[in-house]
Amino acid sequence: MSVRPVVAVLGLLAVLVAGCERSASHDDDVPQPVTPAWQEVTLPAPPGPPGRLLLRDAVACAGRWYVVGGVADPAGDTRPAAWTSVDGSAWRSVPIRADSFYGKQNVLYSVGCRDGVAAVIGAKSGGAHGYPRVSTWRQVPAGGLVEVQAPFETYGGPTAINVSRLAGGPAGWLIVGNRSSGAASWVSSDAAEFTLVEGAPELASDPSGVSWAFDGAAVPEGWLAVGGFLPSGRIDRDPVVWTSADGRSWRRTLLPGSRDYEELQRVAVVDGVPVAVGLRGGTFGAWRREPGGWVAAGVFGRRAGAGVPAVTALVADGGRLVAAVADGERHAVWVSADRGGSWSEVTVPVAAPAGADRDVAVIAAGDRWWLAVDDGARSGFWSAPAPPGAGR
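Thresholds, definitions, all that
- Residues numbered from 1 in each chain as written.
- Predicted model: local features only at pLDDT ≥ 70, side-chain atom pairs only at ≥ 80, totals over all residues.
- Heavy atoms only, no water.
- Buried < 20%, exposed > 50% of the residue type's maximum accessible area, 1.4 Å probe, protein only.
- Helix = DSSP H or I, 4+ residues; strand = E, 2+ residues; numbered from the N terminus.
- Pairing = 2+ DSSP bridges.
- Axes fitted to C-alpha atoms, helices over the stretch in contact; angles between N-to-C directions.

A. Region of the structure containing the pairing of strand β28 (residues 368-374). The buried fraction of β28 amounts to six of the seven residues, a majority that puts the element mostly inside the structure. Across seven bridges, strand β27 (residues 359-365) lies against β28 in antiparallel orientation. Looking at β28, one finds that A365 is bridged to R368. The hairpin turn running from β27 into β28, its antiparallel successor, is two residues long, and G366 in that turn takes a positive phi close to 60 degrees. Relative to strand β29 (residues 379-385), β28 runs antiparallel, the two sharing seven bridges.

In structure tokens form, the structure reads like this:
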């Protein structure tokens, strides 16, 4: 009898055993979920008629905490709302003065912070075409938020696409978003008036491809913006970053891409190192800037369901990054302690399904985390100490 079949069978068994060993070893290497001791925090009802709180974004800087969103009454009408704290424990409603028809209906969705002072973007869909009617808001010395008057074409008009995120920094304030010409920025020294930068070379689209900006952050050299770039002749985006000293003139850097769909949707600076998180094929991925340039870091999570995956928040504090993502079915929170190299999922206190009018926002400050969850029916707010070794 030939020995070849026996050798073949033994070889197959060896492969199967080795595969099982590798699989078991891989399972052992999967980080265990991080489980903070969440405690619910009560946000006071804003002035005005009662309604459901809509929590959309949050930020902390220089000993001040802010949460922004709105209130929806039973008929579905909305008004802007915001809360602030000086210790993260006791919260009060922020007085809001809206002047325009749509400003009085705004839901505030992006808040930036500079030297403890907030600036905000809000919007309400309306008009003949149902487009978002965008307003910006600045904080006055008395502490309240006032609507900033701006010409319609500053955020709207025939070339408008979206107004995405707002960030504060030493140079002032930056908004990133998109026009029909591609990625765009808005700049201001004091949040009292923003100037639109549209069609800027290297920021906007050009014959080499189409640009799209998602988020921005202050860095020592000025500003950093992140997004995606669709090269001409391709159907998938590649990750891209832009740098600028003043928010007006930009330099584009295309990161190494692949045939997978990749884009950067949020950026934060941890221990002086910018880290961006976005989509990487069927997963979420991180990229970080090192002395030699940007490099791909770790991946986490997977796309699921029929919904649109997205990174909804990325914050940094205490050497950690905390990201909130929607995978198409649910929102999840992840933490990394090695600048995006590896990630552990964070247990959240309630179910957080993904979908329209459902959001998750996070704050990380002073080794403590805050979590806002809007599941489409109810908004909740929680706080917890950052678990020791979280993400390590």
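Next comes the rest of the account.
B. Structural detail: the sheet that holds strand β10 (residues 145-148). Strand order in this open sheet of five strands is β6-β10-β9-β8-β7, and the pairing throughout is mixed. Taken across any chain shown, the strands that pair with only one partner, and hence form the sheet edges, are β6 (96-97) and β7 (107-114). Where strand β9 (residues 131-139) and β10 come together, four bridges link them in antiparallel fashion. Considered in β10, the bridge of R138 is made with V146.

C. Summary view of the sheet that holds strand β14 (residues 195-197). If you trace the four strands from one edge of the open sheet to the other, you get β11-β12-β13-β14, paired in antiparallel fashion. Every other strand in the sheet has two partners, leaving β11 (160-169) and β14 as the edge strands with one partner each. Between one strand axis and the next, the sheet turns through 25 degrees on average, direction left out of account. Here eight bridges tie β11 to strand β12 (residues 172-179), and the two strands are oriented antiparallel to one another. Residue pairing across strands places A167 opposite L174, the latter belonging to β12.

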